[in-house]
Amino acid sequence: MRPGGGDERGPRRRDRPGRAGAPRAARPLHPQAAGRRARRRPGQGTVDAAGGLPRLTGPAGPGGLAGPQGFPEAEGFPGLAGGGAVNPLLKVSDLRVSFPGKGWRAPRVEVLRGVSLDVRPGETVGLVGGSGSGKTTIGRAILGLVPVQSGTIEFAGERIDGLSPRRRRALARDIQVIFQDPYTSLNPSLTIGDTLSEPLLAQGHAAREARARVAVLLDRVKLPADAADRLPREFSGGQRQRVAIARALAIDPRLIVCDEPVSALDLTTQRTVLDLLLEIQAQTGVAYLFISHDLAVVRFMSHRVAVIHRGEIVETGEAAAVTSAPENPYTRSLLLAAPIADVERQRARREQFEREVASPRA
Ligand SMILES: Nc1ncnc2c1ncn2[C@@H]1O[C@H](COP(=O)(O)OP(=O)(O)OP(=O)(O)O)[C@@H](O)[C@H]1O
Ligand SMILES: [Mg+2]
């Protein structure tokens, strides 16, 4: 039984107010994906019988190279204004997590200091912040992997912090995760088929059913059917990340925590994996909590963005607004920050990324 009793699995479609004929601030960042989303009917995918749902809207993708930081200025997210309320799928309220300090009698180190955020069905919320700001810890708390000191985490209206291991295992059906490193997140001694079957068998599916499902999943992430018989080492980083996505999708989750899912990949591969995630969301209505230190990637993927700094959310809002005209000084500094030491290289990398995501592939 799913928390919330398997209620609505997604939002109602809401058109952007005044979208038709409205002047666009800038060129689309990702016209191809936007077009794909617009054309695809929900539930069209092959992944499951869950009946995919309409997205809330397209991503915040459209934008142009604007502003002193050279970041695309994304089109506004219509949000839910005028469309009525949608209950959040995930609701984190005033979450505090601390770890024991180093050394005898050292005070605990507070890593999350009252974090609140929510994710609606079918929505992508980007969580962006510098290294050590607490992004992964939020993801781990949602997955029940770190103890919560205070505050609450609700999924589909039910508290999920402090669940017993048995109830937590049941929740795995609804909340899945994709980690950053495709080289360590797969068991090297299991074939891809076994890796993908594992969650299905654990949920009580028969072996034959699981095999059929594995074939569908491989197709879904655009890997050849014979990948099932091969080992992770026979695949590239991008292909492994596709396997990780397939594994996350195996039991039809409603939320996937994506923790830096493309950070270990080269730019072209990043693009294809991000496209795949968008496509899957359009087809299945899955929601993403999309963790990244890279604002360009977060803007590309997210409807809304939350910025975390030293364990506190310092800014939240529509992805376009937060990533192009941030109000918070820390977010502004993130815009200017160069994750790699060489500023020129960073600029080139960013410009290349913008070109990559803007240019339709053959
Ligand atoms: N199990 C743990 N025990 C002690 N300290 C921890 C533990 N896990 C995380 N921390 C600390 O919590 C802080 C936040 O870590 P976290 O991994 O959430 O950061 P992050 O934002 O994901 O960083 P990055 O971008 O580098 O992945 C860091 O200072 C880290 O050292
Ligand atoms: Mg992290």
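Just so it is clear, the structure is predicted and the values come from calculations on it, not from any experiment.

A. Fine view of the site of ligand 1. Neighbouring ligand 1 are the residues Phe 99, Val 111, Gly 129, Ser 131, Gly 132, Ser 133, Gly 134, Lys 135, Thr 136, Thr 137 and His 293. Sorting elements by how many residues they give to the shell around ligand 1 places helix H2 (residues 135–142) first, with 3 residues.

B. Region of the structure containing the pairing of strand S12 (residues 312–318). The sheet contact formed by strand S11 (residues 304–309) and S12 spans 6 bridges and is antiparallel. Pairing of Ala 306 across the sheet is with Thr 316, part of S12. Taken together, S11 and the strand that follows it, S12, pair antiparallel across an intervening segment of 2 residues, in which Arg 310 is found at a positive phi of about 45°.

C. Focus on the sheet that holds strand S8 (residues 175–178). Strand order in the open sheet made by the 6 strands is S8-S9-S10-S5-S11-S12, with mixed pairing throughout. The open sheet has two free edges, formed respectively by S8 and S12, since each of these has just one partner strand. This sheet shows a mean twist of 20° between the axes of neighbouring strands, independent of strand direction.

D. Molecular detail of the sheet that holds strand S6 (residues 150–155). Ordered in space as S4-S3-S6-S7, the 4 strands form an open sheet in which the pairing is antiparallel. If you trace the sheet from one side to the other, it starts and ends with strand S4 (109–119) and strand S7 (158–159), each paired once. Across 2 bridges, S6 lies against S7 in antiparallel orientation. Bridge assignment links Glu 154 to a residue of S7, and that residue is Arg 159.

Cut-offs used in this document
- Residues numbered from 1 in each chain as written.
- Chains lettered and ligands numbered in written order.
- Predicted model: local features only at pLDDT ≥ 70, side-chain atom pairs only at ≥ 80, totals over all residues.
- Near = placed C-beta within 6 Å.
- Helix = DSSP H or I, 4+ residues; strand = E, 2+ residues; numbered from the N terminus.
- Pairing = 2+ DSSP bridges.
- Axes fitted to C-alpha atoms, helices over the stretch in contact; angles between N-to-C directions.

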